[in-house]
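Report on the structure
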Amino acid sequence: MERTLELAEGASSSDPEVGLHAVAALRILMERLEMLQVEQARALGWSWEKIASRLGVTKQTVHRKYGRRVGRR
Amino acid sequence: MFERFTGEARAAVAQAQEHARRLGHRYIGCEHLLLAAASTAEPASAALRERGVTPERVETEIVRLVGLGQAANLFSASDREALASIGIDLDVVRARVEAAFGPDAFTRGGPAACRSQPAVRKNPVALLRRARRGGRHQHAGTTPSGHIPFTPRAKKSLLLSLREAETRHDNYIGLEHLTLALVGMRDGAVPPILSALGASQATLRAAILDRYRKAS
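This text gives an overview of the structure that appears in the document. (Residues numbered from 1 in each chain as written. Chains lettered and ligands numbered in written order. Predicted model: local features only at pLDDT ≥ 70, side-chain atom pairs only at ≥ 80, totals over all residues. Heavy atoms only, no water.)

**So, the packing of helix 2 (residues 16-43) of chain A against helix 5 (residues 77-85) of chain B**
Packed helices, taken two at a time, are described by their axes: the angle between them and the distance between them. Where helix 2 of chain A meets helix 5 of chain B, the axes come as close as 8 Å, and the angle between the chain directions of the two elements is 105°. The orientation of helix 2 of chain A with respect to helix 5 of chain B, classified from their angle, is roughly perpendicular. Two secondary-structure elements touch here, helix 2 of chain A through V18(A), H21(A), A22(A), A25(A) and L26(A) and helix 5 of chain B through S78(B), D79(B), A82(B), L83(B) and S85(B). Taken together, the residues that form the contact of helix 2 of chain A with helix 5 of chain B break down as six nonpolar, three polar and one charged. (Axes fitted to C-alpha atoms, helices over the stretch in contact; angles between N-to-C directions. Helix = DSSP H or I, 4+ residues; strand = E, 2+ residues; numbered from the N terminus. Parallel < 35°, antiparallel > 145°, perpendicular 65-115°, else oblique. Contact = heavy atoms within 4.5 Å. Nonpolar A, V, L, I, M, F, W, Y, C, P; charged D, E, K, R; others polar.)

**A closer look at the packing of helix 9 (residues 152-167) of chain B against helix 10 (residues 175-183) of chain B**
All names here are of chain B. At a minimum axis separation of 8 Å, helix 9 and helix 10 run at an interaxial angle of 120°. Considering their axes alone, helix 9 and helix 10 lie oblique with respect to each other. For the pair helix 9 and helix 10, the sense of crossing is right-handed. Between helix 9, through S157, L158, L160, S161, E164 and A165, and helix 10, the contact on the second element is made entirely by H177, L178, L180, A181 and L182. Its residues assigned to classes, the contact of helix 9 with helix 10 shows seven nonpolar, three polar and one charged. (Left-handed = near helix turned anticlockwise from the far one by under 90°.)

**So, the packing of aromatic side chains**
Taken as a whole and judged by the stated rule, the model has zero aromatic pairs over all chains. For the cation-ring pair, K50(A) lies above W46(A), with the distance from its terminal atom to the ring centre recorded as 3.9 Å. (Phe/Tyr/Trp six-rings, centres within 6.5 Å; stacked < 30°, edge-to-face > 60°. Lys NZ or Arg CZ within 6 Å of the ring centre and 35° of its normal.)

**A look at helix 3 (residues 43-50) of chain B**
Within helix 3 of chain B, burial applies to A44(B), S45(B), A46(B), A47(B) and L48(B). The first or second residue beyond helix 3 of chain B is G52(B), which carries a positive phi of 90°. (Buried < 20%, exposed > 50% of the residue type's maximum accessible area, 1.4 Å probe, protein only.)

**Notes on unusual backbone geometry**
Phi angles above zero are rare outside glycine, and H169(B) is one such case at about 55°. Relative to the assigned elements, H169(B) resides in the loop between helix 9 and helix 10.

**Considering the environment of L26(A)**
Relative to the assigned elements, L26(A) resides in helix 2. On the accessibility criterion, L26(A) (32% relative accessible area) is partly exposed. With near-sequence residues (within four places) excluded, L26(A) lies in contact with L83(B), I86(B) and I88(B).

Given below as structure tokens:
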């Protein structure tokens, strides 16, 4: 019984329909978390450089994405 | 340019904003303009309705495509299931995020309404600028009030309606020009909506032009 369930689960997770949907939803979740964290970091006085380095992106990237929204506090 | 819009065309644009507001969307897109364009007493609207592009059916497709507004719909039930399939319990994530960032962390101005707006999604600055506006003019979790911005593509469709008027040597921008511009859109929400309703863009265009040829 358990084996059957495992197989069923395995089959469903390799279904691109579900898998791609999960990736898309994950991207939305990630964007939302990134926005919240960047906002928070700016509110705490973090520099764009420091935020960018923790995110593993360039300062320009993070500033282009959030500069207008978060601004200087 | 807007001063050249006829009363009917202006009313339709205003109506599009009302539709956006009613559906809880934080932007006015081509889909809202199409919904308004299908609803008037003008010949262009009649031409749309005769070919199955009725306000009811357009609205159904908008909701199917974009969802109802409010950031509460940031994740649909199927998103939830898809995330669960890779071991992420959205409710747990949500509870923790809300504990850290406040109860509106998932719902305050954000990319929710932009999900089926690829042009905007490609441009994070525009997206975030819009999100910020949403936050300023809107009480969280209620129907959007105050100013609702046009998407860049909706603005483009208004510009294209001017082109339609110019092409036809009309010195005003009427509902027929707006409707022609909308049914001619190559991207955005209009093509999938029309195709779901089984209406070809070329046929609609010809039908609208035919109406006005007879009328003049």
